[in-house]
Structures are given as C-alpha cells and as structure tokens.
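# Architecture and fold: a report
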Amino acid sequence: MPELPEVEGVVNSLKPVATGKTIEHVEISSVLQVSRQAGKQAIIKGSELEPFKQELANAKITQIVRRSKYIYFHLLKDQQELLLVTHLGMTGAWFYVQDTADIAEDKFRKHIHVIWKLDDGMMLVYADIRRFGEMRLMTSEDQFPPLLLMAPEPFNESALHHFIEMSKLTKYQNKSIKETIMDGQVISGCGNIYATEALYRMRIHPGRKVKRISQKRLIPLFQMIVDVLNESISAGGSSISDYRNINGEAGGMQDRLQMYGKKQCPACLIPTKQVVLGGRNSWYCPSCQR
Ligand SMILES: [Zn+2]
C-alpha cells in the first residue's frame, strides 16, 4: 500500500507535468460503469459518473499537493475553485503518457479506469488493479469531514505536540503503540511499513500499550518516524507491491528496511516474530524490542 513517501513521489512527479494544464475530456472505464449500474461506487465516490466527467471537463489544474496519503488536485473552472481528492488505495498509479499503450506494464495497462485528456496532447491516466483507490470531486475539503480530522503533516512544527496530546487520550492509552502511530488522526501518513521500521529502530515492541511508554520515549519515536519517512522520500519510496511513480519507476527504500518483511533481526540475528495488530502484520525482534 502506498504510504506518505510513495504519495510524495507521485505528487512530485505530477507537479511539473500537470500543473497549469487543462483537462479537456474525461473517460471512465466500462468496469466502473458496470459497477455503478450494480449500485457500487468503485473509485469515483460521492458523484455520479456523468456529472463527474462534465464537471472536470475544461477545469484547469492549478496546484497539486500531498496531504497525508491523499493527493489534492486544486482545480479552477469558470472562476470557481474545485478540489479533487484522491488516494491510491492498495494498487493505484498515475501515468502521464501520450497514449495508454505507452504504459509499459501490462498489469497497469489492463486496469485503466480514468483518463484525463489534457490540452497539451498528453493524458493523465489512473490505473488501479484492485480498485481500492478513490477520487472525490468537491468544492472544498469540508465536504468530506474525515479529511478535517487528519493529524497535521508529520513535518509540521505542530505535529509532535499533536501526537503527544493524542497519545494521552484514554482511547489511545490502552491501545498498542503500533496501532496508535498508524492512526491517521494521531500521525499523518505513517502506515504499516514505516511504523514497523520506526518501532524496530527505537527498539520498542509493537504490541506495547501506549500507557506503558514514557513521554521521554515517545518524543524520539516521533522523531524516528519523521526520519524514516524522510529517508524513504529521498530513496523514492518503497516498492513492496505495486507502487510506481508516474514514469512507471519503482522506489528503492525496500532495500533499506531493517525489519519490515525480514526473517532475521539484522542486529542480533535471531529469527523475527510476527503479530497482527489492528489487522496488520507486524514484524519485530523478540529480543531487541521491548
Ligand atoms: Zn534483535
């Protein structure tokens, strides 16, 4: 699943090619149309398909920003600001190509769901193998309240204070640290890979209850999460499964991970263990992590 660093990579590659361009025309796959007829809202949420296409047509992309694991396309149409909020789900990917045939990998080319034809003769293509990604067209963020509950960006000055205050709530005190740091209302954009990694590097057991960790340890843990996220951004993200940037390239962070998916602890060389927390698999070293 793409996490913050992977989404940052997508946004950084989208910005130079898509900012300032106008969407001339929108195409939606027959798969999404059929799913709509069956009463489902695959990928395109909160609007019907025809109005979605019509509202996006002739909209200019004024700005693209990452917020947590979401991509915000700020749009301008007929002097009105629109906001398209999208996330990549498990297997979503954007491609900037002249033709869909230019998408090198079959698995993406076979699962194209939304095409924006741009005024520069190119297209922005959204492909998604498992269709867990989402697109939501709104006039502003408050039309989808969960967005307003997101923790500050981890790189913002207020994020550490927010984390410490949230961790004091009874709701989190009794939870495992792993589930707590993966909660988007506590920390933005820290998913399974980076939570696993930061806890290992801090030698904290993922199942340890928050109330059993002192503030003195929580502060450097937060800093470690930020460091791991930054390290991954620099490495171009992790390509554990289907992450690609818009040029179809995979990132290199997976080679730098010390615990996620590892059979053996790199520090003490004993076999790692796994525990499921909040439905996600957590690797840890039973000797190093307490
Ligand atoms: Zn160990």
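Residues numbered from 1 in each chain as written. Predicted model: local features only at pLDDT ≥ 70, side-chain atom pairs only at ≥ 80, totals over all residues. Heavy atoms only, no water.

### Digging into the coordination of the zinc ion
Where we set the bar: In this analysis a donor is any N, O or S atom within 2.8 Å of a metal ion (3.2 Å for sodium, potassium and calcium), and since water is not included, sites may seem incomplete. Key to geometry: four donors with every angle between 85 and 135 degrees are tetrahedral; four donors are square planar and six octahedral where opposite donors lie over 155 degrees apart and all remaining angles lie between 65 and 115; all other sites are irregular. Numbering of helices and strands starts at the N terminus; helices are DSSP runs of H or I of at least 4 residues and strands are runs of E of at least 2. Buried means the residue's accessible area, taken with a 1.4 Å probe over protein chains only, is under 20% of the maximum for its type, while exposed means over 50%, and partly exposed covers the values in between.
All of the protein donors around the zinc ion are Cys265 (SG), Cys268 (SG), Cys285 (SG) and Cys288 (SG); their distances to the metal are 2.2 to 2.4 Å. In this structure, the zinc ion is surrounded by 4 donor atoms whose angles at the metal cover 102 to 112°, and the resulting shape is tetrahedral. For the zinc ion, the donor residues sit on a single chain with the sequence spacing C-x2-C-x16-C-x2-C. Taken together, the positions of Cys265 in the loop between α9 (215-235) and β10 (273-277) and Cys285 in the segment after β11 (280-284) put the pair 20 residues apart, joining distant regions of the chain. Grouping residues by exposure puts Cys265 and Cys285 together as buried.

### Points about the packing of helix α8 (residues 192-201) against α9
Let me state the cut-off plainly: Only C-alpha atoms enter the line fits that serve as axes; for helices the fit covers just the stretch in contact. Angles between N-to-C directions range over 0 to 180 degrees. By definition in this entry, angles of less than 35 degrees are roughly parallel, angles greater than 145 are roughly antiparallel, angles of 65 to 115 are roughly perpendicular, and the rest are oblique. Two helices cross in a left-handed way if the nearer one is turned anticlockwise from the farther one by less than a right angle. They cross in a right-handed way if the turn is clockwise. In this description, contact between two residues means that some pair of their heavy atoms is separated by no more than 4.5 Å. By the convention adopted, Pro, Cys, Tyr, Trp, Phe, Met, Ile, Leu, Val and Ala count as nonpolar, Lys, Arg, Asp and Glu as charged, and the other residues, Gly among them, as polar.
Relative to each other, α8 and α9 sit at 125°, their axes nearing to 9 Å. If you check the angle between α8 and α9, you find them oblique. Considering the relative orientation of α8 and α9, their crossing is right-handed. Seen from α8, the contacting residues are Tyr194, Glu197, Ala198, Leu199 and Arg201; seen from α9, they are Leu221, Met224, Ile225, Val228, Leu229, Glu231 and Ser232. Of the residues contributing to the contact of α8 with α9, the split by class is 8 nonpolar, 1 polar and 3 charged.

### Looking at the pairing of strand β7 (residues 112-118)
This is how it is decided: Should DSSP find at least two bridges between two strands, the strands are taken to pair.
Among the 7 residues that make up β7, 6 are buried, leaving the element largely enclosed by the rest of the structure. As paired elements, strand β1 (residues 22-28) and β7 share 5 bridges and run antiparallel to each other. By the bridge assignment, His25 is partnered in β7 with Lys117. Relative to strand β8 (residues 123-128), β7 runs antiparallel, the two being bridged by 5 bridges. Looking across to β8, one finds that Ile115 is bridged to Val125. Hairpin remark: β7 followed by β8, antiparallel, with 4 residues in the connecting loop; positive phi at Gly121, about 85°.

### Section: the packing of aromatic side chains
Note the following rule: Working definition: rings of Phe, Tyr and Trp (its six-membered ring) pair if their centres are within 6.5 Å, and the pair is stacked with planes under 30 degrees apart, edge-to-face with planes over 60 apart, and tilted otherwise. Lysine and arginine charges are scored as sitting over a ring when NZ or CZ, respectively, is within 6 Å of the ring centre and within 35 degrees of the ring normal.
According to the stated counting rule, one finds 7 aromatic pairs in the structure shown. Consider the rings of Phe163 and Phe222, whose centres lie 5.6 Å apart with planes at 25°: the pair is stacked. On the criterion of sequence distance, the pair formed by Phe163 in helix α5 (residues 158-167) and Phe222 in helix α9 is long-range, its members being 59 residues apart. An aromatic cluster of three or more residues is present, and its members are Phe73, Trp94, Trp116 and Tyr126. Note that Arg136 overlies the ring of Phe144, its terminal NZ or CZ placed 3.7 Å from the centroid. It is Arg203 that lies over the ring of Tyr200; its NZ or CZ is 4.4 Å from the centre.

### Some remarks on the sheet that holds β7
Consider a sheet: its strands pair through backbone hydrogen bonds, and that pairing is either parallel or antiparallel. Pairing is mixed in the open sheet, where 9 strands are placed in the order β2-β9-β5-β4-β3-β1-β7-β8-β6. Strands with a single pairing partner mark the edges of an open sheet, and in this sheet they are β2 (44-45) and β6 (92-97). Its contacts with the sheet put helix α1 (residues 4-18) on β3 (59-67), β4 (70-77), β6 and β8, and the angle it makes with β3 is roughly 155°. Where helix α3 (residues 49-56) meets the sheet, its contacts fall on β1, β2, β3, β4, β5 (80-87), β7 and β9 (134-138), and the angle it forms with β1 comes to roughly 160°.

### Quick word on the pattern of salt bridges
To keep it simple, the criterion reads: Throughout this description, the term salt bridge denotes a Lys or Arg side-chain nitrogen within 4 Å of a carboxyl oxygen of Asp or Glu.
Within this structure, the stated rule accounts for 13 salt bridges. For Lys168, the salt bridge identified is with Glu165, shortest N-O distance 3.1 Å. Between Arg201 and Glu197 there is a salt bridge whose closest N-O contact spans 3.4 Å. One end of the pair is Arg201 and the other is Glu197, both in helix α8 and 4 residues apart, which spans about a single turn. Side by side, Arg201 and Glu197 carry an identical accessibility label, which is buried. Shared partners join several salt bridges into a network, and the residues in it are Glu8, Arg66, Arg67 and Glu153.

### Some points on the environment of Leu269
Assignment of secondary structure puts Leu269 in the loop between α9 and β10. Judged by relative accessible area, Leu269 falls into the exposed class, the value being 53%. For the pair Leu269 and Cys285, spaced 16 residues apart in the sequence, the C-alpha separation amounts to 9.2 Å.

### Quick notes on the side chain of Glu8
Basically, it comes down to this: Polar contacts, as used here, are pairs of N or O atoms within 3.5 Å; protein pairs need one atom able to donate a hydrogen and one able to accept it. Residues neighboring in sequence count only if both atoms are side-chain atoms.
Among the structural elements, Glu8 can be located in helix α1. In terms of polar contacts, Glu8 uses its side chain to reach the side chain of Arg66, at 2.6 Å. When sequence neighbours within four positions are dropped, the list of residues in contact with Glu8 reads Arg66 and Ile233.

### Let's talk about unusual backbone geometry
Most peptide bonds take the trans form, and the phi angle of most residues other than glycine is negative. Positive phi values are uncommon outside glycine, yet Asn58 reaches one of about 70°. Structurally, Asn58 is set in the loop between α3 and β3. The class for Asn58 is exposed, based on a relative accessible area of 56%. We note that Arg131 has phi near 60°; this positive angle belongs to a residue other than glycine. With respect to the helices, strands and loops of the structure, Arg131 is situated in the loop between β8 and β9. We classify Arg131 as partly exposed; its relative accessible area is 35%.

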